[in-house]
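Each chain, letter by letter, is given below.
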Amino acid sequence: MPVQIKETFLGKCGAGAEWWRNAVIYQIYPRSFADSNGDGIGDLVGISSKLSYLSSLGIDAIWLSPFYRSPQLDGGYDIADYCDVDPLFGTMDDFDRMLRQAHDKGIKVIIDLVPNHTSSAHNWFQSALKTPMGSAERNRYHFRDGKGENGELPPNQWKSIFGGDAWSRIPGETQWYLHLFDSSQPDLNWDNPEVRAEFEDILRFWLKRGVDGFRVDVAHALVKESGLPDWDGPIKEGSGINFGPMWDQEGVHDIYRSWNRVLKQFSGDRMLVAEAWVQPQSRLARYVRNDEMHQAFNFDYLLARWDAIALKEVINTSLAAGAHVGAPTTWVMSNHDTVRHTSRYGLSEPGSRPLGIDASREQPDEALGLRRARAAALLTHALPGSVYIYQGEELGLPEHTTLDAAHRQDPSFFRTNGLEIGRDGCRVPIPWISGEVSYGFSTAGKSWLPQPESFSRYGADLQHGDSQSTLELYRQLLKLRRDYELGNGTLTWLPSAQGVLYFENGPIRIVINLNDMATVLPGGQVLISSAPIDQAGVLPANAAAWLK
Ligand code: NOJ
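Procedures and definitions
Residues numbered from 1 in each chain as written. Predicted model: local features only at pLDDT ≥ 70, side-chain atom pairs only at ≥ 80, totals over all residues. Heavy atoms only, no water. Near = heavy atom within 4 Å. Polar contact = N/O pair within 3.5 Å; in protein donor to acceptor, adjacent residues only side chain to side chain. Areas by Shrake-Rupley, 256 points an atom, 1.4 Å probe, with all protein chains shown as cover. 1 Å grid on protein atoms, 1.4 Å probe; cavity = no way out; pocket = protein on both sides within 12 Å on 5 of 7 lines; lining within 4 Å. Sits in = over half its atoms within 2 Å of the grid points. Nonpolar A, V, L, I, M, F, W, Y, C, P; charged D, E, K, R; others polar. Pairing = 2+ DSSP bridges. Helix = DSSP H or I, 4+ residues; strand = E, 2+ residues; numbered from the N terminus. Axes fitted to C-alpha atoms, helices over the stretch in contact; angles between N-to-C directions. Contact = heavy atoms within 4.5 Å. Points joined across faces, edges and corners; volume = space filled by probe spheres on them. Domains from an automatic or database assignment. Parallel < 35°, antiparallel > 145°, perpendicular 65-115°, else oblique. Buried < 20%, exposed > 50% of the residue type's maximum accessible area, 1.4 Å probe, protein only. Core = buried A, V, L, I, M, F, W, Y, C linked by side-chain atoms within 4.5 Å. Phe/Tyr/Trp six-rings, centres within 6.5 Å; stacked < 30°, edge-to-face > 60°. Salt bridge = Lys/Arg side-chain N within 4 Å of Asp/Glu carboxyl O.

1. Details of the site of the ligand
The local shell around the ligand consists of Asp74, Tyr77, His117, Phe162, Phe181, Arg215, Asp217, Glu275, His336, Asp337, Arg423 and Arg427. Between the ligand and His117, the relevant distance is 3.0 Å, taken from an oxygen atom to a side-chain nitrogen or oxygen of the residue. In isolation the ligand exposes 290 Å². Once the protein is present, 98% of that is buried. A majority-of-atoms criterion places the ligand in the largest cavity. Each residue belonging to the shell around the ligand can be placed in one class, and the counts come to 3 nonpolar, 2 polar and 7 charged.

This is the structure:
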């Protein structure tokens, strides 16, 4: 490895001491985390039962995907009552208890807010259906007359993200309503002040209960271009990035400014994190300007291939865009909408993002994917800013890639007639105890989605205390990241061989070998590595190390 010459210098990711600037946040998909009542679906009491595990992992906060009252037609992202817990997941008391117990352990709690659409079972939509066109009730959504002689054609050509038209016709009427997602998820009309006031109330409801923040679902969709102009282009790329007059409109920023003001009325650095599939990074950075949200998931990082040049470029662009507005970058590799990165990295195009994988498609190389995922963990946790971990990532869990179609529940599978395999494969319940039925996920041995046999090798019980396991790798990484304050640090690139990333952050130097051949490590003490390093200091292929 050549001598160390500083190549690039990137400033700190924003001033300020707020907890979220460098936090490690763990995403819980409640129905798949831990089932306490034996119905095969995870619940809030199940989450409480795993708080010690989470605390020993060393995370700062959890983000819960929706647990609100919902018909569950899109995994709870179809909300019928924003201020109540769905009985599937427990009660409001269970929520309050979980929140208190998390806080007692020093873990903050972020909940999901879904403001773009309600469920069609929501009172508002039900009353809209009962009132005539032009009513105040209908004006909370986007109802429009259809085109054609008898209104038999949709009002415009917009397509749903989940496949098919973005409009559904009210039976027996000329009117249609807009839904960018499933027909059970009508889009709200954010030009209506009543909608704005309602969501501010919802924020206050949960802030008063003590939540530390909100993950804002499809934050780039709330405001549509006025007049809902026709758009026959794609509304998303294969990768997930969105285009067209329904996305990333200037008007969304006013909403987040007003929410920022609401949050400021509560103590304790409450925060908002945007789910916004927009590009380039300079557009994303607009969501985290000083008076708007606080974080935005860095999906460019999630989408980057296993390629040194591509990753370096994304890291540089993201840090620069964040620094421009004084915001941290929020590194993320997996979530409940994407094929798990352990499996993506094991594909022949490593890091590409298929929209689900089934038995008929290329099967990832599990061992290679895991090797790379472990190396990627050393990269991610060494970067300045905040990190999100998707449940099971710390176990090195792969995607379920052979799930039978009969078990699939994702609306995108049905609305595309199976063209998109959908997201069920990354939502399979967590293996806690390898030898048990449902791998210890449920007290009754049930699981709402079948778990693959491979999960028997990934149980948290097997990994606990095994220094070679991915779980212990994550525990150690999180501890070192905290001890050396890497989240608050500064990244400086150092010269490196082709296919190798090499940088320093504070007193730590980080080497990631993305090549399929070994490389010799520069001198120094190895603090942690994703694969064993021999006496001669050789870093194997697809591996990484932190040096001091
Ligand atoms: C993004 C969520 O992450 C996804 O799971 C959901 O289906 C859509 N938004 C619609 O709410």
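From this point on, the discussion continues.
2. Examining the sheet that holds strand β10 (residues 271–274)
The parallel closed barrel is built from 8 strands, whose spatial order is β1-β2-β5-β9-β10-β11-β12-β13. Ignoring strand direction, the axes of neighbouring strands in this sheet form an average angle of 25°. Relative to strand β12 (residues 330–332), strand β11 (residues 295–298) runs parallel, the two sharing 2 bridges. Within β12, the residue paired with Asn298 across the bridge is Trp331. Each of β2 (61–64) and β5 (108–113) is contacted by helix α3 (residues 92–104), which is oriented at about 140° to β5, the strand it contacts most.

3. Regarding the pairing of β11
Taken residue by residue, a regular strand's side chains alternate between the two faces of the sheet. Direction of pairing for β10 relative to β11: parallel, over a ladder of 2 bridges. Residue Val273 lies in a different strand from β11, and its bridge partner there is Gln295.

4. Digging into empty space enclosed by the protein
Enumeration over the complete set of coordinates arrives at 4 cavities of 30 Å³ or more. Lining the largest cavity are 29 residues, and of these Ile161, Phe162, Phe181, Asp337 and Arg423 lie nearest its centre. Split into classes, the residues belonging to the lining of the largest cavity amount to 9 nonpolar, 9 polar and 11 charged. Put simply, the second largest cavity is a space of about 110 Å³. Gln281, Leu284, Val288, Ala296 and Pro328 are the residues nearest the centre of the second largest cavity, which is lined by 13 residues in total. Put simply, the parts of the chain that give the lining of the second largest cavity at least two residues each are α7 (281–285), β11 and α9 (308–325).

5. Observations concerning the domain arrangement of the chain
Looking at the chain, the domain boundaries give domain 1 (23–114) and domain 2 (123–178). A C-alpha centroid distance of 34 Å is found between domain 1 and domain 2.

6. Some thoughts on the packing of helix α11 (residues 366–380) against helix α14 (residues 470–483)
Running from amino to carboxyl end, α11 crosses α14 at an angle of 10°, the nearest separation of the two axes being 10 Å. Taken together, the axis directions place α11 and α14 in an arrangement best described as roughly parallel. Contacts between α11 and α14 involve Leu370, Arg374, Ala377, Leu378 and Thr380 from the first element and Thr470, Leu473, Tyr474, Leu477 and Arg481 from the second. Along the lines of polarity and charge, the residues of the contact of α11 with α14 split into 6 nonpolar, 2 polar and 2 charged.

7. Thoughts on unusual backbone geometry
Following Gln279, the chain continues to Pro280 via a peptide bond in cis, the omega torsion being -5°. Relative to the elements of secondary structure, Pro280 occurs in the loop between β10 and α7. Phi angles above zero are rare outside glycine, and Leu228 is one such case at about 45°. Inspection of the secondary structure puts Leu228 in the loop between β9 (213–216) and α6 (252–264). Taking relative accessible area as the criterion, Leu228 reaches 8% and is therefore assigned buried. For Tyr439, which is not glycine, the phi dihedral falls at a positive 50°.

8. Overview of the environment of Arg340
Note that Arg340 resides in the loop between β12 and α10 (341–344). Of the residues examined, Arg340 reaches a relative accessible area of 3% and is grouped as buried. Between the alpha carbons of Arg340 and Glu393 there is a distance of 7.9 Å; along the sequence they are 53 residues apart. Contacts of Arg340, omitting those with residues within four sequence positions, involve Ser334, Tyr390, Gln391, Gly392, Glu393, Leu397, Pro398, Glu399, Cys426 and Ile430. At 2.7 Å, the side chain of Arg340 forms a polar contact with the backbone oxygen of Gln391.

9. Some remarks on the nonpolar core
Judged by nonpolar contacts, the single largest core of 143 residues is most densely connected at Ile62, Phe95, Trp259 and Trp546. Broken down by element, this core gets its largest block of residues, 7 residues, from α11. Counting contributing residues per domain, this core is built from domain 1 (23–114) and domain 2 (123–178), each supplying no fewer than three. Excluding residues within four positions of it along the chain, Trp259 makes contact with Leu113, Pro115, Trp190, Phe199, Glu200, Leu203, Val216, Leu222 and Leu272. One finds Trp176, Leu180, Leu228 and Met246 within the second-largest nonpolar core, a separate group that totals 15 residues.

10. Some remarks on the packing of aromatic side chains
Evaluated as defined, the whole model comprises 28 aromatic pairs. Arranged with centres 5.1 Å apart and planes meeting at 25°, the rings of Phe67 and Phe95 form a pair that is stacked. You can see Phe67 sitting in the loop between β2 and β3 (68–69) and its partner Phe95 sitting in helix α3, a full 28 residues away along the chain. On the accessibility criterion, Phe67 (0% relative accessible area) is buried.

11. Quick word on the pattern of salt bridges
Summed over the entire model, instances satisfying the criterion amount to 33 salt bridges. For Arg97, the salt bridge is made with Asp94, and the minimal N-O distance between the two is 3.3 Å. With Arg97 and Asp94 both in helix α3, this residue pair falls 3 residues apart, about one helical turn. Note on Asp94: relative accessible area 13%, which makes it buried.

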